[in-house]
2 protein chains.
Amino acid sequence: MNRRGSTGNGTTRRRARSGPITIEDVAAKAGVSAATVSRTLNGNYPVATATRSKVERAVRELGYVVNAHARALAGNTTRTVGIVVNDVIDPFFAYIARGVEREATGRGRLCLIAATQGDSRRELALVDLLHEQRADAVVLVGGAYDDPTFTKQMTKRAEALAAAGSVLVLCGRPSLGPDVPTVQVSYDNEGGAAAITDYLIGAGHRRILYLGGPTALSTTAARLAGHRRALAARGIPVEEDLIQTGEFGRRFGYHRLRELLAAGIDATAVFAANDMVAAGALEALTEAGLRVPADLSLVGYDDLPVAAEVAPGLTTVHVPLEEMGREAIRLALAEEDSDTNAAPGSSIMVGTHIVTRASVGPPAAGRPLRRQS
Amino acid sequence: MNRRGSTGNGTTRRRARSGPITIEDVAAKAGVSAATVSRTLNGNYPVATATRSKVERAVRELGYVVNAHARALAGNTTRTVGIVVNDVIDPFFAYIARGVEREATGRGRLCLIAATQGDSRRELALVDLLHEQRADAVVLVGGAYDDPTFTKQMTKRAEALAAAGSVLVLCGRPSLGPDVPTVQVSYDNEGGAAAITDYLIGAGHRRILYLGGPTALSTTAARLAGHRRALAARGIPVEEDLIQTGEFGRRFGYHRLRELLAAGIDATAVFAANDMVAAGALEALTEAGLRVPADLSLVGYDDLPVAAEVAPGLTTVHVPLEEMGREAIRLALAEEDSDTNAAPGSSIMVGTHIVTRASVGPPAAGRPLRRQS
DNA sequence: GTGAAAGCGCTAACAA
DNA sequence: TTGTTAGCGCTTTCAC
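Residues numbered from 1 in each chain as written. Chains lettered and ligands numbered in written order. Predicted model: local features only at pLDDT ≥ 70, side-chain atom pairs only at ≥ 80, totals over all residues. Heavy atoms only, no water.

So, helix α10 (residues 250–263) of chain A
Threshold: Comment: elements are numbered from the N terminus, with helices defined as DSSP H or I runs of at least four residues and strands as E runs of at least two. Multiplying 1.5 Å by the helix residue count minus one yields the expected span of that helix. Accessible area is worked out with a 1.4 Å probe on protein chains only. A residue is then buried under 20% of its type maximum, exposed over 50%, and partly exposed in between. Contacts were defined at the residue level, with two residues in contact if any of their heavy atoms lie within 4.5 Å.
Between its first and last C-alpha atoms α10(A) spans 20 Å; for 14 residues at 1.5 Å apiece the expected length is 20 Å, and the two agree. The set of residues buried in α10(A) consists of A:Arg250, A:Phe252, A:Gly253, A:Tyr254, A:Leu257, A:Leu260 and A:Leu261. On its buried face, α10(A) is in contact with β6 (208–211), β7 (243–244), α11 (275–287) and α12 (305–309) of chain A together with α12 (305–309) of chain B. Downstream of α10(A) by a residue or two, A:Gly264 has a phi angle that is positive, lying close to 95 degrees.

Structural notes on the sheet that holds strand β5 (residues 182–187) of chain B
Going by this rule: By this definition, two strands are paired if DSSP reports at least two bridges between them. Angles here are taken between N-to-C directions and fall from 0 to 180 degrees, while the axes themselves are lines fitted to C-alpha atoms, restricted in helices to the stretch in contact.
Taken in spatial order, the twelve strands of this open sheet run β11(A)-β5(A)-β4(A)-β3(A)-β1(A)-β2(A)-β2(B)-β1(B)-β3(B)-β4(B)-β5(B)-β11(B), and their pairing is mixed. The outermost strands of the open sheet, each flanked by one partner alone, are β11 (347–350) of chain A together with β11 (347–350) of chain B. On average, adjacent strands in this sheet sit at an angle of 20 degrees to one another, irrespective of strand direction. Its contacts with the sheet place helix α6 (residues 120–132) of chain B against β2 (110–115) of chain A together with β1 (80–85), β2 (110–115) and β3 (138–141) of chain B, and it is angled at close to 175 degrees to β1(B).

Side note on the pairing of β5(B)
Residues and elements named next belong to chain B. Relative to β5, strand β4 (residues 168–171) runs parallel, the two being bridged by four bridges. By the bridge assignment for β5, valine 169 is matched with valine 183. Sheet topology note: the β5/β11 ladder contains four bridges and is parallel. Bridging from a neighbouring strand, tyrosine 187 pairs with valine 350 of β11.

Here we look at the sheet that holds β6(A)
Residues and elements named next belong to chain A. One open sheet holds the four strands; their spatial order is β7-β6-β8-β9, and the pairing between them is parallel. Each edge of the open sheet is held by one strand with a lone partner, namely β7 and β9 (297–299). Sheet strands in contact with helix α8 (residues 189–202) are β6, β8 (269–272) and β9, and its direction is about 170 degrees off that of β8. Running at roughly 155 degrees to β9, α11 makes contact with β6, β8 and β9 of the sheet.

Notes on the protein's contact with DNA strand C
Where we set the bar: Put simply, a residue is near a molecule or strand once any heavy atom of it comes within 4 Å of that molecule or strand. The term polar contact refers here to a pair of N or O atoms within 3.5 Å; inside protein, the definition further demands a hydrogen-donor-capable atom paired with an acceptor-capable atom, and it admits residues adjacent in sequence only when both atoms are side-chain atoms. Each residue gets one label: Ala, Val, Leu, Ile, Met, Phe, Trp, Tyr, Cys and Pro are nonpolar, Asp, Glu, Lys and Arg are charged, and the others, such as Gly, are polar.
Taken together, 29 residues lie around DNA strand C, and A:Ile23, A:Ser38, A:Tyr64, B:Thr36 and B:Thr51 are the ones closest in. In the interface set of DNA strand C, defined as its atoms within 4 Å of the protein, sugar plus phosphate atoms amount to 70%. Residue A:Ile23 places a main-chain N or O atom 2.3 Å away from a phosphate oxygen belonging to DNA strand C. A:Asn67 is positioned with one of its backbone polar atoms (N or O) 3.2 Å from a phosphate oxygen of DNA strand C. Among the secondary structure elements, those contributing two or more residues to the surface near DNA strand C are α2 (34–42) and α4 (68–75) of chain A together with α2 (34–42) and α4 (68–75) of chain B. A per-class count over the surface near DNA strand C returns 14 nonpolar, nine polar and six charged.

Thoughts on the protein's contact with DNA strand D
With respect to spatial proximity, 29 residues lie near DNA strand D, and among them A:Thr36, A:Arg39, A:Thr51, B:Ile23 and B:Tyr64 are the closest. Take the atoms of DNA strand D that sit within 4 Å of the protein: sugar and phosphate atoms are 68% of them. Within the side chain of B:Asn42, a nitrogen or oxygen atom sits 3.0 Å from a phosphate oxygen of DNA strand D. Looking at the surface near DNA strand D, the elements with two or more residues in it are α2 and α4 of chain A together with α2 and α4 of chain B.

Let's talk about helix α6 (residues 120–132) of chain A
For an α-helix, 3.6 residues make a turn, and residues three or four places apart therefore share a direction. Between its terminal C-alpha atoms α6(A) stretches 19 Å, which fits the 18 Å expected from 13 residues at 1.5 Å a residue. Structurally, α6(A) contributes buried residues whose contacts are with β1 (80–85), β2, β3 (138–141) and α7 (148–163) of chain A together with β2 of chain B. Taking the backbone nitrogen of A:Arg121 as reference, a side-chain oxygen 2.8 Å away marks A:Asp119 as the first, capping residue of α6(A). Positive phi appears at A:Arg134, one or two residues downstream of α6(A), with a value of about 55 degrees.

A short note on the pattern of salt bridges
Defined as follows: We define a salt bridge as a contact between a side-chain nitrogen of Lys or Arg and a carboxyl oxygen of Asp or Glu at a distance within 4 Å.
One pass over the structure, following the stated rule, counts 52 salt bridges over all chains. In this structure, A:Glu103 engages A:Arg326 in a salt bridge whose closest nitrogen and oxygen atoms are separated by 3.0 Å. Of this pair, A:Glu103 sits in helix α5 (residues 91–106) while A:Arg326 sits in helix α13 (residues 321–337), and the two are 223 residues apart along the sequence. Judged by its relative accessible area of 23%, A:Arg326 is partly exposed. For B:Arg109, the salt bridge identified is with B:Asp136, shortest N-O distance 2.9 Å. Taken together, the residues B:Arg109 in the loop between α5 (91–106) and β2 and B:Asp136 in the loop between α6 and β3 connect sequence positions 27 residues apart. Residues B:Arg109 and B:Asp136 agree in their burial class; the two are buried.

Here is the structure:
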């Protein structure tokens, strides 16, 4: 409905209309052709200065705003990128999203964002939706689903995207397989974990409780792997009682450590799988009347804001999340912009480093540790 | 480049092509017309069951993905909404963004997001960009700019959007004026501030330090106004020394309170203009060896995650941020979907309530308070 | 229930 | 430097 009449209009005057202002309207008002208006607006073609000002004036007076969809359709270029996250609140995702948004904006792209709420089917549907939008790149962040069916379905979408000249970017999540056309941005998850475990060992700790993080998912299981590796490298036996995996949230850290404390734990330090878990652990410790780091040392992972906000500040592994988001777009658009379909799937790994705050000290004497009084 | 050849193809067979798969390809494969494919896909028109399955099969086998831009152009419907925030990291914005994203997704819309980084000119440019995208609604969140030129420019955009059948939504930010076509979602900023001040008074406090928040911007100045109003209502004189406005960040809370503590302050409670400031204040207090709430009570505003994360938990004013985001989209799309151009600018105010945690107690005896030792 | 045809608003050859 | 002319891929009358 509300379509403009055909051009077969009896009068020679501009036809009276109510619809949106189009490039034709601007052209008419400026006394030039639509092509000239287009060229002026896009500035990718020589236009006489006088013509240019006439056009600009007409645009201003008419309040003309180009229709991005018409442009996308005709020009075969959308100037948008998509990002799919678990949840826009979670700082882990939010920082990556910030990097994506900033880099995209810097390259003149708008950013489509969608949240899965941890639902893998929604994730697939959202990738489709972003494909429909013909986004120049679709970035998938963190939190993968460890399910072969899912992997197959996502692989199909990666291929479809690639066939359509776009690209699926895996940001901080496991690969879909060697032959799947994706771009990958990862960080040294295992290395960071090994480094901070080694840091704890260097501070004199031998009995370190590993707390939190799912057991299965490869990306995050890497942290535990790094922990084990560091222990092994120093010849410290791994005691399975000291490996307490579970979830990634603050609540898990609080509750599990609370239980452990009630039973009494024989450890001098806690390595929480991420800062959220660490914050929960700290709460349990404080509640139990235990001081950090005097009674127990504590480290986290990710270097989220909460690590700096708790008291004492958390020594943790810094992950350059925002940088990863930027890198995701850089890589994706590099493939895109350089017309070469050459690079079948570039991939990059960013480094991590330890941020020292106040939560680590030498091992305390008395053990096992229990809730006080 | 890469355009398909004209239809004047010598052969009767499907022409060999490499370009994207279009609705025509699906139609050919299913042995129906493009119109039928369209109707099947949109499900808004009767299609024979047999035909439907043929089409669905063709879609699946070809891996066809509809082109949203072509659809938008032809159907005059984009199914996207836009949101402009200061920064995607800031929980205040992130929660509202979550509401917008969820409500939009629930209504089959995709969400375009962009961040201003506090730059008003960027904000104007981003609204233009979202207009180009023909977003069904453009939501502007918080952080307004107190500048008549800016207001005029944004007003122009609100009008342009309205003329184009879209709508500008002001979410938690001041009105552009009575005649500007916008939708507004606000919260009871002043009421919340009055309520929590009254809560403090009820707990026995008479000398309350108000800390943080810009002096100028109307939205946030409302908090100070509410504070004053509650004091006045109880007949407590306002002492200007106890009004310490400034910024909205954690750093401000920390540094300003630290200075005040060094000089000694004669107050029994602190009302921080938001939870960030409160967190900073708490840090300064802890560092000074003062206990909350034993030595000093402390309240915040917004009920951001940090309020629950610090120890002791902050008693604060809960602002239903996510709900505001949802409401923004509901209102905007209600105007949109009900074709009535009737509602010139609906507006809604959501309520706030106090969340009680552990940071408020009875007034301490000894005063003035100083840094200990 | 289905097809043919027109056109959404723009860009990109190709001429001039 | 500018205008003319085809479409981009889809939806939607209007017929049948």
